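# Understanding the architecture of this molecule
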Amino acid sequence: MDKTDVVIVGGGHNGLTCAAYLASSGLKVTVLERRHVVGGAAVTEEFHPGFRNSVASYTVSLLNPKVIRDLELHRHGLKVVERKVSNFLPLDGDHFSVGEGITKAEVARFSNRDADRLDAYGERLERIADVLRELVLMTPPNLVEGGIAQAVPELLKSAALGRRLNKLDMTGKRDLLALFSQSAGDWLDGWFESSPIKAAYGFDGVVGNYASPYSPGSAYVLLHHVFGEVNGKKGAWGHAIGGMGAITQAMAAACAERGVTIRTGTGVAEVLTKGGRAIGVVTEAGETIHARAVVSNLHPKLLFGKLVDPGVQPADFRERIDRYRSGSGTFRMNVALSALPRFAVKPEAGDHLTAGIIIAPTLAYMEKAYTDAREHGWSKGSHRRDADPLDPGRQPGAPGPARGEPVLPARGPGAARGPELGRPPRGGRRPDDRHGRQARAGVREVGRGPAGALAARPGAQVRPGERRHHARQPEPRSDVLGPAGAGGGRLPHAGGRPLPVRRRHPPGRRGDRRAGAQRGAGSGAGREEKKVLSRGPLPTLSLSASRGRGVGL
């Protein structure tokens, strides 16, 4: 039986940050992580010799600069570079970009009125963001049982928060209330008239969120995406050189320097309690570790649903945990290409390929995608997709060789079967079970949608896949082309055996309510299915279609 001051269950970025601060105060801290690597969602992994990429979260802004300074993450190897362009939207016959110094000119191409209002929009959000940056470093008040003696400390915390919020003028206070209650669509419709700027900003309200841009409360996420910063620049988003794992590896190094014990491959089976307090844990291997305090870096549904004895939880709290809606609808696909994609509406290489690429031209398009997902489990006639052409793990100076492996399914929706994604080669046939596999995967063809799919090979021109089994209304689209002058044919192969990897299935249409069935510390695994992928020396591109929680720090 081991003993420590604090045991932390789960070694994600929050758990590692907590461990470093506790150890700095002189406590003996032990971190238990179920996986073989710390980092949680912020990891960079080599899934095949010679190829590394960020497998979950992919961009950084909300990592607080105070944490970076206190843990000296830059000294431990962290380097974050700002995106040159924030977001790029291919449109029907046009394109739109958002980024420092270019947004107003881009908006003016569609609406002079919107361009004139852009500065006021940013200033109103920035005033609120300045206050929130202070609040995120304060301990929020807690609900307590007992008399006035127990309540006074929490009331004082509430008063301190109130004083900070009182810095806002009346306009700011009203804006704050509106942002927490209104939808992103309603908020943006009140400011702008042109679709591209509303789509670019509105996507921030739904990315990683299983919601329509017109869902109440989604306006808050607009604020969420401006109160971060990169290298001292407020509202900026960037990439960690070496991938998101570079952040958590730097945190792990800071922990080790402070004397934290980090144990990987150690899942937790139970949190021990006595007299209403947590007193330690039992690992999956049967080892008991006693501690003065237990800190959880797990999802609350997993913690209280699987690791904490229901008998020690208040009945109403247990009921709330059971009803906790925690489903994630994020589908992520990492694609390795022979070159960066070229868009028909902007075929030249440029800074737009360092941006997030949003295949969602209007708020109505996103709303339709959401309602389809609610009704059918996936979007039938429209998708929303977010692409990172430059995986941060492949940035110049990143660890690992310059070779990659392609990540394209040999079968199933969007397979690279010929000149276009999602279509069979000439003379070929689709497997009879195509629609069944699509239903099981929770997605439709990658080659469908208004902007098609990203080119899988040099010279490929990707167009929306055909749907002959029922009619559909015409939709805006934008083709994606391969590099100029490249020949036809399939993906180049390095030859030899295929590469097995895993593809995680999205949950059912109303969210996966089985999150509590995950096992061990730091668990995020769902039902998985092996897919056989081709391989070859290719760079990387990441796609994610989100209807669940977000994927950025």
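You'll find the structure just up there.
This write-up is about the structure you can find in this document. (Residues numbered from 1 in each chain as written. Predicted model: local features only at pLDDT ≥ 70, side-chain atom pairs only at ≥ 80, totals over all residues. Heavy atoms only, no water.)

### As for a nonpolar patch on the surface
- Together, Ile 148, Val 152, Leu 155 and Leu 156 give the surface a local cluster of nonpolar side chains, amounting to about 400 Å² of exposed area.
- Note that Leu 155 resides in helix H5 (residues 148-165).
- For Leu 155, a relative accessible area of 52% translates into the label exposed. (Patch = residues over 30% accessible without salt bridge, like charges linked within 9 Å, V, L, I, M, F, W, Y side chains within 5 Å. Areas by Shrake-Rupley, 256 points an atom, 1.4 Å probe, with all protein chains shown as cover. Salt bridge = Lys/Arg side-chain N within 4 Å of Asp/Glu carboxyl O. Helix = DSSP H or I, 4+ residues; strand = E, 2+ residues; numbered from the N terminus. Buried < 20%, exposed > 50% of the residue type's maximum accessible area, 1.4 Å probe, protein only.)

### Thoughts on the side chain of Asn 87
- Looking at the secondary structure, you find Asn 87 in strand E6 (residues 87-90).
- Residue Asn 87 is classed as buried on the basis of its relative accessible area of 12%.
- Non-local contacts of Asn 87, meaning those with residues more than four positions away in its chain, are made with Phe 96, Ser 97, Val 98, Ala 200, Asp 204, Ala 355, Gly 356 and Ile 358. (Contact = heavy atoms within 4.5 Å.)

### Regarding the pairing of strand E2 (residues 29-32)
- Burial of E2 is two-sided: the residues Val 29 and Val 31 facing one way and the residues Thr 30 and Leu 32 facing the other way are all buried.
- Taken together, the 4 bridges between strand E1 (residues 2-9) and E2 define a ladder with parallel strand orientation. Note on E2: the bridge partner recorded for Ile 8 is Val 31.
- In terms of handedness, the path from E1 via helix H1 (residues 13-24) over to E2 forms a crossover that is right-handed.
- Of the strand pairs in this sheet, E2 and strand E11 (residues 261-263) are connected by 3 bridges, and their pairing is parallel. For Thr 30, the partnering residue across the bridge sits in E11 and is Thr 261. (Pairing = 2+ DSSP bridges. Right-handed = clockwise from strand over helix to strand, strands pointing away.)

These values are about where atoms sit, not about what they do.
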